[in-house]
Amino acid sequence: MKPVRAAARTLLSAIFIISGTRNVLNPDPLVPQAEKVTDRVAPLIKNTVPALPTDARTLVQINGAVQAAGGVLLATGTFNRPAAALLAGSLVPTTIAGHPFWAVNDPAQRMNQQIHFAKNLGLFGGLLLAILDTEGRPGLRWRTSRAMGEGTRSVRRMARTMRRETRIALRSSAAARRLPG
């Protein structure tokens, strides 16, 4: 199954590598669309991460860099799950800013934006699967519950052993008291 997973990750990451690199090198065509979103989130960015720039052009480039880097990590199989989570997070503002079909009046353009919006939802779904894919290895949740279950069994075993040893000790002391002495 490893070759299938590797191929799927590579295919999924290709769009992020290509568009992310393009957006880093030439963000200007996306700035007008991005401004509609960045103008609304700029105060939030200033309050939470003051060091982060709030102009639309720089945010488009940062998002592009995140997508290109996350795509490369996912394609190479390095930090698959965190890379997929990073890409999923970067896809949200991209989809909202880039494909607002609800704000388009022309039926043909609206249909086009809906198709791209749905495509991004499909990419998001693929990224969710990549986030959850443990590649057949037990996940942290399973390992934790297993360790806790083993700990509980160990405590129960120890309690049974202590009860048994206490009964043996009590019988021995009772038998020793009955001996003439």
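Since the model is a prediction, treat every value here as computed from it, not as a measurement.

**Q** Just to check I follow, could you spell out the overall build of the chain for this structure?
**A** For the chain, the helix and strand inventory stands at six helices and zero strands. The helix and strand sequence of the chain, counted from the amino end, reads α-α-α-α-α-α. In summary, the chain has a C-alpha radius of gyration of 29 Å against a globular reference of 16 Å for 181 residues, an excess of more than 25%. Its C-alpha atoms give the chain principal-axis dimensions of about 105 × 45 × 30 Å. Taken over 181 residues, the chain has a buried fraction of 25%. Sequence-distant contacts in the chain: of pairs separated by 6 or more residues, those separated by 24 or more amount to 64%. Accessible surface, the chain as shown: approximately 12300 Å² in total, 65% of it carbon and sulfur. In the chain, which carries 25 positive and 9 negative side-chain charges, the distance between the mean positions of the two groups comes to 21 Å.

**Q** So what exactly am I meant to see when it comes to the environment of I168 here?
**A** Mapped onto the secondary structure, I168 falls in helix α6 (residues 140–178). Residue I168 is classed as partly exposed on the basis of its relative accessible area, which comes to 45%. When the C-alpha atoms of I168 and A56 are compared, they prove to be 78 Å apart, with 112 residues separating the residues in sequence.

**Q** Mind showing me how you'd approach unusual backbone geometry here?
**A** Among all residues save glycine, negative phi is the norm, and among peptide bonds the norm is trans. Residues other than glycine seldom take positive phi values, yet F79 does so here, at roughly 50°. Looking at the secondary structure, you find F79 in the loop between α3 (56–76) and α4 (80–98).

**Q** Can you walk me through the nonpolar core in this structure?
**A** Core analysis: the largest hydrophobic core is formed by eleven residues, namely L12, F16, L74, A83, A84, L87, A88, L91, L123, L127 and A130. Those elements giving two or more residues to this core turn out to be α1 (2–25), α4 and α5 (107–132). In terms of residue count, the dominant contributor to this core is α4 (five residues).

**Q** Got a minute to help me understand the environment of V72 in this structure?
**A** The residue V72 is located in helix α3 in this model. Along the backbone, V72 and G149 are 77 residues apart, and their C-alpha atoms lie at a distance of 39 Å.

**Q** Hey, could you run me through the pattern of salt bridges in this one?
**A** Opposite charge on two side chains lets them pair, provided their charged atoms get close. Taken as a whole and judged by the stated rule, the model has two salt bridges. Between R5 and D133 there is a salt bridge, with the nearest N and O atoms lying 2.8 Å from each other. Linking R5 in helix α1 with D133 in the loop between α5 and α6, this pair joins segments that are 128 residues apart in sequence. Accessibility expressed as a relative area gives 22% for R5, which makes it partly exposed. Given a relative accessible area of 23%, D133 falls into the partly exposed group. The closest approach of N and O atoms between R57 and D28, which form a salt bridge, is 2.8 Å. On the criterion of sequence distance, the pair formed by R57 in helix α3 and D28 in the loop between α1 and α2 (31–48) is long-range, its members being 29 residues apart. For D28, a relative accessible area of 41% translates into the label partly exposed.

Procedures and definitions
The numbering scheme is per chain: residues are counted from 1 as the chain's sequence reads. Whole-chain, interface and lining totals are the exception, using all residues; otherwise, since this is a predicted model, local features are given only for residues with pLDDT of at least 70 and side-chain atom pairs are given and counted only at 80 or more. As a convention, hydrogens and water are excluded, and side-chain values are obtained from all of the structure's heavy atoms. A helix here means a DSSP run of H or I that spans at least four residues, while a strand means a run of E at least two residues long, and both kinds are numbered starting from the N terminus. The reference for a compact globule is 2.2 Å times residues^0.38; the radius of gyration itself is calculated from the C-alpha atoms. Think of it in three bands: residues with accessible area under 20% of the maximum for their type are buried, residues over 50% are exposed, and the middle band is partly exposed, with areas taken using a 1.4 Å probe on protein chains only. Here, two residues are considered to be in contact whenever any of their heavy atoms come within 4.5 Å of each other. The protein chains shown are the only cover counted for residues, whose accessible areas, like all others here, come from Shrake-Rupley with a 1.4 Å probe. Positive charges come from Lys and Arg, negative ones from Asp and Glu, while His and the chain ends are left out of the count. We put the charge of a Lys on NZ, of an Arg on CZ, of an Asp on CG and of a Glu on CD. Within this scheme, the nonpolar core is defined by two criteria: the residues are buried Ala, Val, Leu, Ile, Met, Phe, Trp, Tyr or Cys, and they are joined through side-chain atoms within 4.5 Å. Any Lys or Arg side-chain nitrogen found within 4 Å of a carboxyl oxygen on Asp or Glu counts as a salt bridge.

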